[in-house]
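# Structural overview
Here is how the chains run, residue by residue.
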Amino acid sequence: MLEVPHTSISFTDLHLWKKDRFLSALIGDIDAVALLSLDIFDTLLFRTCANPSDIFVLVAEKAHRIGCLKASLTPAAFKEMRIRAENNARDRQSVLTGFGEVTLEIIYAEMPEGICIKDKMAQIEVEIEAEVCYVNPHVASLLAACKSKQIPIALLSDMYLSSEQLRWILASAGLDLSSVDTLLVSSEEHEGKSSGHLFARLKELYPQIESHAIVHIGDNIAADVEGASKEGIRSVHYNVVPEYFESLHHWEYVRHGHVLPEWKSLRKLAEASDMTVGMGELGRVFYNLGTSVIGPFLQALCEWVIDQCVDEGIRTVHPLMREAYLLAPMLENAARIRGIDLQIKPIYVSRQATFLAGLECFGDDELASLLGIHGLKLGELFEVLDISEEGVHFEAFLEERIENCKYIISENGSSINDQVRAFLRSAPIQTKILASVQRHRQLFVSYLKQEFGSPERLVTVDIGFHGTIQKSLEKIVRLAGHKPQMTHLLAVGANRLDELSMHGMDIRSMLRSGSVGSDEGKRIARTPAFLEELMMGDFGSTLRYAEGELGQIRPIMAVLKRSDEEYAMKRACQEGAMAFQGYYAYLLQQKEGRLQRASLQPVEWSKPLHRVLDMPRPEEARLLGDLTHQDNFCTEYIAPICEDVAEEWFVQGPEAFLNSCNYGPSILNANWPQGLVTRRFPYYIYKFYLRLQDGFGSQVMLFETIQRVKEDGLGNIHLYGTGAFAEQALKMSWFHGLQIRYWIDPLVGLDAAPWGRFAYVTLEQVRDGGIGDEKGTAPHAFLIATLSDMKEYKNHILRVYQGSGVTPIFYELRP
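Time to look at the overall build of the protein chain. Regarding its fold elements, the protein chain presents 33 helices and 22 strands. In terms of overall dimensions, the protein chain has C-alpha extents of about 100 × 65 × 55 Å along its principal axes. The proportion of buried residues among the 815 residues of the protein chain is 55%. For the protein chain, restricting intrachain contacts to residue pairs at least 6 apart in sequence, the fraction spanning at least 24 positions comes to 70%. Of the roughly 34600 Å² of accessible surface on the protein chain, a fraction of 49% belongs to carbon and sulfur atoms.

By the element assignment, Ser-804 lies in the loop between helix H33 (790-801) and strand S22 (809-812). What makes Ser-804 partly exposed here is its relative accessible area of 31%. As for Ser-804 and Arg-767, which are separated by 37 residues in sequence, their C-alpha atoms are 7.8 Å apart. Within the structure, the side chain of Ser-804 is placed 3.2 Å from the backbone nitrogen of Val-806, a separation counted as a polar contact.

Attention now goes to the pairing of strand S13 (residues 506-512). For a regular strand, side chains alternate in direction, first toward one face of the sheet and then toward the other. In terms of burial, S13 is largely enclosed, as five of its seven residues are buried. Here six bridges tie strand S12 (residues 487-493) to S13, and the two strands are oriented parallel to one another. Note on S13: the bridge partner recorded for Thr-487 is Asp-506. What joins S12 to S13 is helix H21 (residues 496-502), and the crossover it makes is right-handed.

Across the interface, helix H12 (residues 281-312) lies against helix H26 (residues 618-626) with an axial gap of 12 Å and an inter-helix angle of 100 degrees. The orientation of H12 relative to H26 falls into the category roughly perpendicular. Residues Leu-282, Val-285, Phe-286 and Leu-289 of H12 touch H26, and the partners they reach there are Glu-619, Leu-623 and Leu-624. Of the residues that constitute the contact of H12 with H26, the class distribution is six nonpolar, no polar and one charged.

Attention shifts here to the sheet that holds strand S5 (residues 182-185). Spatially, the five strands line up as an open sheet ordered S5-S4-S1-S6-S7, and their pairing is parallel. Here the strands that pair on one side only, and so sit at the sheet edges, are S5 and strand S7 (234-237). Taking each pair of neighbouring strands and ignoring which way they run, the sheet shows an average axis angle of 20 degrees. When strand S1 (residues 35-39) meets strand S4 (residues 153-157), the two strands line up parallel, connected through four bridges. Bridged to Leu-38 within S4 is Leu-155. Against the sheet, helix H5 (residues 137-148) contacts S1, S4 and strand S6 (214-218), and its axis sits at roughly 160 degrees relative to S1. On the sheet, helix H9 (residues 221-229) packs against S1, S6 and S7 and is oriented at approximately 155 degrees with respect to S7.

Further remarks concern unusual backbone geometry. Its identity is not glycine, yet Asp-42 carries a phi of approximately 70 degrees, on the positive side. Looking at where Asp-42 falls in the secondary structure, it is placed in the loop between S1 and strand S2 (45-47). Phi is positive for Leu-260, close to 45 degrees, though the residue is something other than glycine.

Our focus in this paragraph is the environment of Asn-662. Counting through the fold element by element, Asn-662 comes out in the loop between helix H27 (654-660) and helix H28 (673-680). The exposure class of Asn-662 is exposed, given its relative accessible area of 68%. For the pair Asn-662 and Asn-495, spaced 167 residues apart in sequence, the C-alpha separation works out to 18 Å. A distance of 3.0 Å separates a polar atom in the side chain of Asn-662 from the backbone oxygen of Asn-659.

What counts, and at which threshold
Residues numbered from 1 in each chain as written. Predicted model: local features only at pLDDT ≥ 70, side-chain atom pairs only at ≥ 80, totals over all residues. Heavy atoms only, no water. Helix = DSSP H or I, 4+ residues; strand = E, 2+ residues; numbered from the N terminus. Buried < 20%, exposed > 50% of the residue type's maximum accessible area, 1.4 Å probe, protein only. Contact = heavy atoms within 4.5 Å. Areas by Shrake-Rupley, 256 points an atom, 1.4 Å probe, with all protein chains shown as cover. Polar contact = N/O pair within 3.5 Å; in protein donor to acceptor, adjacent residues only side chain to side chain. Pairing = 2+ DSSP bridges. Right-handed = clockwise from strand over helix to strand, strands pointing away. Axes fitted to C-alpha atoms, helices over the stretch in contact; angles between N-to-C directions. Parallel < 35°, antiparallel > 145°, perpendicular 65-115°, else oblique. Nonpolar A, V, L, I, M, F, W, Y, C, P; charged D, E, K, R; others polar.

Structure, rendered in structure tokens:
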């Protein structure tokens, strides 16, 4: 099994922060820090919701329960009203006082009369903040490390809450307030961080400390990075929570909407813990896959297995090797987290190891099944039947694949395939095969007795899907004269489990595939290859069992043929999955009673894995598709999960290709159709679901336009447009990593205050090279953000540029 020690996550751990991808930048400089300044929300405190505004839904729900909000106002409607009230309050304060900072009381004063008890609603909002907030253990660990060195701590927040309200929320989250020396909040200081004002106030409070000796950490570039820079303060951009296009969480949202919203920030934090010794960038990609995809799915399985054991008094379970390499230690950790005494002892078993032992006879059906195995060589066929010595009769063809033997004709006019069939059906060979069957059955049952005592009462755990190995286990035990009373627990079960249950087997699954299953179960069952591979160690499947010199029965394992790089990638993924368990346990403990265990929402906890399978990012399709897969059922045939496919299959486009993947492997071997289509058409599936999510709106058109900008190698572009659509284009460009510092809005004057990191300018200013420090740094490229005035906007730009000697570049939404 994988040997990774279980470590608990604690914000009192003085070294935990060093594992954080962003905080680790301070490892060599911590002794030079004279004052540590921290942002609060999305830095020191995280929330158990997808977006900060989701809190308003919870506020409305609680307000309805206690009767201080009008019953006819839905939580969703209240959320929108609360957002508008804050915007109106900021606008009003800006006009009245010259600054836009507000308090919670000022915000609720903007709410219409008669819909709520305003002071009570404000109180409820603070209570809900306390309920959803939890301490980020990484940042709290750095805080504790600094306090141990007598470095003062300041908290700075752009927030409508008061310092008293913030202190109560921090204390409710478990933070020791005695470790905080200063708390500055924009609602009380009448100015925020972006202008540099809060940082100037901080320096006033600590005049003896030089600016360069202060370090500020926060998630917002404009407020926490650029604002600090205005006062000469070093900053660390803590980019854990903010979304960006390449983030797997964004892709999950496009495919499924909000996925595990209560756990979203926790999953992102686990991803950020990837600063392990010796791990390069490729390793970190697989580590993150473990923390955010494989780990959550397996944690749900572990919790579900433990639930079954607790309900029925089961004390020992046996996960099946090879997947038990990762699953067994995760089960041990999950049981330890729950405080459950559960013994975990893997079984070395496989379809091949049980094949001969489970035969009652070897007739035409059994022979046909063997001969139909893709990639099986003739020599391997004789090895599987444990009659390798008989291969001498076909010595010249032992390295040929069975499917090719159909076309090799011997001197007597029959194919090698037909000759092999006749040979194996002959009486002398049948006798030898049946002797092999008896020998393998005796060895297997002896192995079970040796390792597990009574072979009748095993409780197995497996990924799934059809119960083939489980059926063979019970059949072998029954043929050996015992009465099996086994229980089999599967992550995903196909329709065939119903048939097995009808025959008296106790076989259960966390998810179902097939006609009555969930989409998540169906997809995982259709494409299990990389999940299985990422759970395995550096040894192959169990081929058979052999008796040692001292009478001990030991499993004989297949030899794996993998590169060192592939082993390293798998190891990184497994470390990530194990790390996730520690963060999962941390948040459960922090929010005891407020969060459901993973086993109570198996479909939801399967969505991250389903998304990778169903709508992979291009990077995922490339890296996971290149992993090699070795089935080890009767053959050592090995191939990439995404095998090369002839170009002719793609000629009719991605939709036709996906339809073609319904053919059997003999026609088109497509282990992972969505991975193959993404490797060939990188954003086809993404755009398909983006279009559905947007109600067949404009997001796909914007996405394609932005992609053209990126493909042309531009990282900086100007925006020309007005209204909500232009604002959407601006935000989407930022989301994709494009810089838009100049916005030409025909309906907004130059004296308007920008609400983000851009400047309102005229076309003439852009034509003449820009403004301020950035003059002359941007290309003359324009994103035309309109769906109705494209020609008019372009002509206006051309008129302004006429005679300048510069030809502007246009990126517009194609009709």
